[in-house]
Amino acid sequence: QLTTKNIFIFHLALLKYFFKIYTQIKPNKMQENNTSIDISAINEKIERESAFIDLLTSELSKVIVGQKSMIERLLIGLLGQGHVLLEGMPGLAKTLVINTLSKAVHGSFHRIQFTPDLLPADVVGTMVYNFKENEFTVKKGPIFANFVLADEINRAPAKVQSALLEAMQEKQVTIGETTYKLDNPFLVLATQNPVEQEGTYPLPEAQVDRFMLKTIVDYPKMEEEQLIIRNSLKESAATINPVVSIAQIIKAQETVKEVYMDEKIEKYILDIVFATRYPEKYRLDSLKPLISFGASPRGSINLALAAKCYAFIKRRGYVIPEDVRAVVHDVLRHRIGITYEAEAENITSEDIINKVLNQVQVP
């Protein structure tokens with residue numbers, strides 16, 4: 001027999017049951033290593049810390065027309081403390097964008113024009129004898145800057161490339177008997193021309209792997225190029241104002257590490273990378289004769305970091321599969337070796353990445 005008391009007890013038990021279910025599936029709380037992660041708090045912090053992204057993008061758009069993907073990749077490199085290799089035809093604003101970025105961030109900028117007669121000392125610096133003081137003094141090279149443009153990096157011999165890439169990896173330079181720390185933030189933007197091969201020294205795979213991203217810069221659209229013509233014919237060029245401080249960038253680099261990445265996303269990244277090494281384990285037997293070597297562990301690290309940076313740019317406190325897919329080509333295209341058979345069939349590393357993405361299950 002139902003009484004008021006029994007009905008009350010029944011409703012109370014039902015309420016407790018639904019509350020238990022709700023707390024188990026509540027999206028604002030996630031478990032990581034038995035520790036509760038408050039996604040709402042992370043979202044609020046990212047929303048607050050990433051406010052400068054809009055200011056920075058708006059300032060860059062005064063000079064740079066289009067090229068949204070290239071600007072995003074530069075920001076990913078800046079936030080992830082990585083370096084970017086840009087490949088594209090001359091005249092696509094590769095030099096202009098890094099110069100504009102350095103002005104908007106209020107950082108120091110140096111450009112190094114790589115030529116066959118360049119020496120390592122011309123990049124990192126050297127010891128110079130001072131006759132007046134009767135002693136050797138250190139003359140620092142152009143590598144000591146927040147933003148360094150290595151223009152046409154494949155035109156310099158291997159010893160110069162190695163000097164630059166060692167500084168990129170170690171974030172320090174040794175001149176004489178003294179080791180000097182490089183500036184923070186430190187971003188190297190290297191460019192290379194994909195067409196001209198005569199008189200060039202292509203980067204070895206072990207060295208190109210030091211770059212966090214390799215971005216292909218394409219031609220602008222017709223409407224964008226029309227605007228470029230109009231801007232270039234104006235009497236006065238747009239003035240770039242420093243809208244972000246170095247301290248803000250350093251703080252943002254630390255905040256990026258707090259972006260939440262679920263274990264399923266980590267597994268998704270590992271599946272993509274391992275599919276480039278062992279394609280037969282992912283039912284991609286047709287790729288086996290096309291791949292000479294797969295992505296390195298540095299590829300896994302950079303893919304996870306780039307996905308976090310992309311989520312930060314989109315002002316989110318957590319990584320979703322679309323973030324990984326948005327940056328995977330730039331992270332892995334220079335980390336997958338293709339065989340002569342693949343070259344004969346005009347299959348590129350990007351084609352291999354596309355096939356891997358189509359096969360690997362998305363969480």
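Residues numbered from 1 in each chain as written. Predicted model: local features only at pLDDT ≥ 70, side-chain atom pairs only at ≥ 80, totals over all residues. Heavy atoms only, no water.

A. How the structure looks around the overall build of the protein chain. When helices and strands are counted, the protein chain shows 15 helices and 13 strands. Each of the 363 residues in the protein chain was classed as buried or not, and the buried ones make up 43%. Long-range pairs, those at least 24 residues apart, make up 78% of the contacts in the protein chain with a sequence separation of at least 6. Taken as a whole, the protein chain presents about 19700 Å² of accessible surface, with 54% of it coming from carbon and sulfur. (Helix = DSSP H or I, 4+ residues; strand = E, 2+ residues; numbered from the N terminus. Buried < 20%, exposed > 50% of the residue type's maximum accessible area, 1.4 Å probe, protein only. Contact = heavy atoms within 4.5 Å. Areas by Shrake-Rupley, 256 points an atom, 1.4 Å probe, with all protein chains shown as cover.)

B. Structural detail: the confidence of the model for the protein chain. Per-residue pLDDT for the protein chain has a mean of 82; in total, 88% of the residues score no lower than 70. Note on residues 22-35: pLDDT under 50 across the span, and 18 contacts to partners over four residues away in sequence or across chains. (pLDDT = per-residue confidence, 0-100.)

C. Quick look at the pattern of salt bridges. In this structure the tally under the stated criterion is 18 salt bridges. The residue Asp 271 makes a salt bridge to Lys 267 at a minimum N-O spacing of 3.1 Å. A residue pair is termed a helical-turn pair when its members lie 3 or 4 positions apart in one helix, as Asp 271 and Lys 267 do in helix α11 (residues 263-277) at four residues. By relative accessible area, Asp 271 is classed as buried at 13%. Glu 280 is the salt-bridge partner of Lys 288, the closest N and O atoms lying 3.6 Å from each other. Residue Glu 280 is classed as partly exposed on the basis of its relative accessible area of 32%. A cluster of three or more residues bridged by salt bridges with shared partners is formed by Glu 72, Arg 73, Lys 314, Asp 330, Arg 333 and Glu 350. (Salt bridge = Lys/Arg side-chain N within 4 Å of Asp/Glu carboxyl O.)

D. Region of the structure containing the sheet that holds strand β7 (residues 147-151). Sheet architecture is open: five strands sit in the order β4-β7-β10-β3-β11, paired in parallel fashion. A single partner strand is all that each edge strand has here, and the edge strands are β4 (109-113) and β11 (213-216). Strand-to-strand, the axes of this sheet are offset by a mean angle of 20°, without reference to chain direction. Where β4 lies against β7, five bridges are found, and the strand directions are parallel. Bridged to Ile 112 within β7 is Ala 150. The strands touched by helix α5 (residues 94-105) are β3 (84-87), β4, β7 and β10 (187-192); relative to β7, the strand with the most contacts, the crossing angle is about 170°. (Pairing = 2+ DSSP bridges. Axes fitted to C-alpha atoms, helices over the stretch in contact; angles between N-to-C directions.)

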